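Next come the chains, spelled out residue by residue.
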Amino acid sequence: MELAKNHYTVHKFGGSSVADASRFKEVKKILTGDNDVVVVSATKGTTTKLQNMLDAARDGQAWQQDLTTLELFHHQIIDDLLPESAVQSLHEVLKNDFHTIAHIFDTVCRIGTYATEIQDYILGYGEQWSAQILAAYLNVDQPTLYLDASKVLTSYRKDGLVCIDWERSEAAMREYFADKQFTKLVITGFISSTPEGKRTTLGRNGSDFSGAIFARLLQAVELIIWTDVDGIYSAHPAKVKSAFCIEHLSYKEALELAYFGASVLHPMTIAPVQHADIPLYIKDSYNPTAPGTLITNESRPSKHIIKGLTYVDDIALVNIEGAGMAGVSGIAARIFHIMQSCNVSVILISQASSEQSLCFAIAKSSVKVALEALNTSLRFEIEARQINKITADTECAILAAVGDGMIGNPGVAGKFFDTLAKAAINIRAIAQGSSERNISVVIERKDISKALQAAHSGFYLSDRVISVGLIGPGGIGATLLDQIDSASQKIKDRYSVDIQVRGIMNSNNMLLSENALAGDWRAQLASSSHAANLAEFKEFLRSEDIPHSVIIDCTASTALAKEYINFFHEGFNVITPNKHANSGEISYYQQIKQAANKIGVHYLYEATVCAGLPVITTLQDLIKTGDEIVTIEGVVSGTLSYIFNELSTGRVFSEIVKEARKLGYTEPDPREDLSGKDVARKLVCLSREIGNNVSLADINVTNLVPEALRDCSTDEFLERLHEFDAPIMDMAAKAHAKNEKLCYVGKINADGSVSVAIQSVSLAHPLAGLKATANILVFQTKRYDADHPMIIQGPGAGAEVTAAGVFADLLRLTSYLY
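Residues numbered from 1 in each chain as written. Predicted model: local features only at pLDDT ≥ 70, side-chain atom pairs only at ≥ 80, totals over all residues. Heavy atoms only, no water.

(A) Main features of the environment of Arg300. Relative to the helices and strands, Arg300 is located in the loop between β12 (293-296) and β13 (308-321). By relative accessible area, Arg300 is classed as partly exposed at 34%. Taking the C-alpha atoms as reference, Arg300 lies 17 Å from Ile282; in sequence the two are 18 residues apart. With sequence-adjacent residues up to four places away left out, Arg300 is seen in contact with His248, Leu294 and Lys307. Looking at Arg300, its side chain comes within polar contact range of the side chain of His248, at 3.5 Å. Separated by 3.1 Å, the side chains of Arg300 and Glu298 make a polar contact. (Helix = DSSP H or I, 4+ residues; strand = E, 2+ residues; numbered from the N terminus. Buried < 20%, exposed > 50% of the residue type's maximum accessible area, 1.4 Å probe, protein only. Contact = heavy atoms within 4.5 Å. Polar contact = N/O pair within 3.5 Å; in protein donor to acceptor, adjacent residues only side chain to side chain.)

Structural data, given as structure tokens:
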């Protein structure tokens, strides 16, 4: 019969698709057409087993049992699939083949070596067995023809590459099918014939290559490569959990992805179908209804700038440096000729414009051969000091971003590099072709998972993920966790931000989980047998799947605040409402700021002053935009705001304090609020933000706790406080007489000095208008003068608003990181 053009669909099934009898049955279900041509691989693992046995025979090791096991395995598949009338002939074929193989292995064992021709001959058996079994199985229901590809396909090698003799193969196809009829055709993958007529193989991924070759020879309607994944993914799904199957690729995009490690597709597979403009599908034989990935010559618009990320690990980066290289014509050509002569493939090249250094990436397995060849061939240049050194870093990987949408699109490279930098990933070398559809970087091998996740999120191929660990799930911490739990799905849907709380720790134990907020986190934490351990806590927060991590300190611990610099050095960002780090020793505060800036992590602390009010960020923005702070004054304690607001109504000081404690506005011991130290700490934080080197010891603080009651018990303090009402009540009365109001005010003066004291202010003053527990800050600056100051006012205390301030910092952090 004459082979019709644009008539056949070519299916190629990989080893996993024909792994056993059950998989052969699934393949039959897929092949529902009348014009199916099937190219099939060996059953899963067969080629590897044949190679291992061949090597064992060469090395004088046992191979007999493994060969028997492999034979029995194939006999069993035949028995499971075929009717009794059809099994005998195939059993006989297998018996003869395995007998031949045993004789070859015996000979190899005797002589202790084997030629490439022997290897090709042995490895080609696996495809012959699977193809003959499948053809016989399909033939039960429809006329099916089996074709040994070596009968029609001729290949040869040139410069280490497998080439197809298209003219000879096309003629052989026409001749072979001249007198044959079939509904389905099953062809062996992987194998072909040399020009001399000897059986050979097409090399690595040869079966996929076979599928593309026969699709071109048959001028097929389409080629479908069936594998065990849904298609080509935006990144390796084992490395990036949020990776997704790409709907469409151009052949040029597919070539870039395939070259840099997309394991479901080999570069050699693309050329034959690209040349003939045949659509190529990558589909999943385990999920055949999934659409898969379509690859065509056309480039289709995508909502994403890049289509996918791919990588190659186990890479060595060879670096050649020397002042004598500059301006020397042909030095690069000579270096790469040396690589060619020792059969080392160069994957990536990068050279400085000064010409004093050149680096290139090769497979790690080739580094010894490469260095020996370079040092030998360039001995004169090395001895003459024209080349200073030749080195190789063997712990590298290549990460590539691929997509037609990158072409002519400014800023893609910058986005790529910035995303990696924010994930603290160092780039060793960079390469981009003039086609602009591939940007490749060499990084440390250990960083590849984090780099994939960071870039995948950075280009909006997946949600922007952050690993969160919270220490101190008390009032503020617990409220924050509840807020995150309540809002996380909405934030993910609206902003593509995935907040993954992976750790919660109190002073006794900790909860470590991929999703610590799943279920009742309070009960799980309380029942956790995991004792609190900061080292383990940090180790769990670090995940290869998540490029960025943050520790949220919701404690009031000075000791934990002392750990911040260590957190930074370990790559953690820090968010906290804990004032101790920013108001403690000035030298440590400066070290924290310098370390965060130098290391490239973020330290956010909006809630250290006035809970969730935007005080810190506003102050930072004023300074960044060139404004000059003249004074800052305000009421920054919710507790003292309430007490002095009530005092202005004529109520008695001691009774107000007791009521505030009962309402939960004060600490269990109200003296902690009345001492004014908390206000002083907040003023220190603000003053240092301006640039003043202020410490708590520099501030004159009005302590509202009578000296006689400072060392007694809390109960005695509350019981005797009324004895000391007179002085403050007298001050309140005098203020009232002058139409003024008493306020407990913190102030940063123009000369940088800081005071915390009771102040009597006019009823027209902004501070006089406070109600309940509200806070207020009045900024007088160069832009906002005394007549028109900037005022920030609102709730400045309470778990809800403070947690909201920390939550805002967390969301702000994600915008910084991605």
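(B) Region of the structure containing the pattern of salt bridges. Going through the model one piece at a time under the given rule, you end up with 36 salt bridges. We note a salt bridge from Asp447 to Lys446, for which the minimum N-O separation is 3.3 Å. Across the pair Asp809 and Arg812 runs a salt bridge whose closest N-O atoms are separated by 2.4 Å. With Asp809 and Arg812 both in helix α30 (residues 799-817) and three residues apart, the pair spans about one turn of that helix. In this structure Arg812 comes out as partly exposed when scored by relative accessible area, which is 24%. (Salt bridge = Lys/Arg side-chain N within 4 Å of Asp/Glu carboxyl O.)

(C) Region of interest: the packing of aromatic side chains. Counted by the stated rule, this structure contains 17 aromatic pairs. A ring pair is formed by Phe336 and Phe360, whose centres lie 5.5 Å apart and whose planes are at 70°; its orientation type is edge-to-face. Within this pair, whereas Phe336 is found in helix α11 (residues 331-341), its partner Phe360 is found in strand β15 (residues 357-363), the two being separated by 24 residues in sequence. Under the relative-accessibility criterion, Phe336 is labelled partly exposed at 22%. (Phe/Tyr/Trp six-rings, centres within 6.5 Å; stacked < 30°, edge-to-face > 60°.)

(D) Fine view of the packing of helix α24 (residues 638-647) against helix α25 (residues 653-662). Direction vectors running N to C along α24 and α25 enclose 140°, while the axes themselves pass 10 Å from each other. By the angle between their directions, the pair α24 and α25 is classed as oblique. Taken as a pair, α24 and α25 cross one another with a handedness that is right-handed. The residues of α25 that touch α24, namely those facing Tyr642, Ile643, Glu646 and Leu647, are Phe653, Ile656, Val657, Glu659 and Ala660. Classifying every residue of the contact of α24 with α25 gives seven nonpolar, no polar and two charged. (Axes fitted to C-alpha atoms, helices over the stretch in contact; angles between N-to-C directions. Parallel < 35°, antiparallel > 145°, perpendicular 65-115°, else oblique. Left-handed = near helix turned anticlockwise from the far one by under 90°. Nonpolar A, V, L, I, M, F, W, Y, C, P; charged D, E, K, R; others polar.)

(E) The pairing of strand β19 (residues 464-471), seen in detail. Counting buried positions along β19 gives eight out of eight residues, so the element sits mostly inside the fold. Taking every second residue as pointing to the same face, both faces of β19 are buried, with Arg464, Ile466, Val468 and Leu470 on one and Val465, Ser467, Gly469 and Ile471 on the other. Alignment of β19 against strand β20 (residues 497-505), held across eight bridges, turns out to be parallel. Bridge pairing in β20 places Leu470 opposite Ile504. In terms of handedness, the path from β19 via helix α16 (residues 475-495) over to β20 forms a crossover that is right-handed. Of the pairings in the sheet, the one linking β19 to strand β22 (residues 549-553) comprises five bridges and is parallel in character. What sits directly across from Leu470, in β22, is Ile552. (Pairing = 2+ DSSP bridges. Right-handed = clockwise from strand over helix to strand, strands pointing away.)

These values are about where atoms sit, not about what they do.
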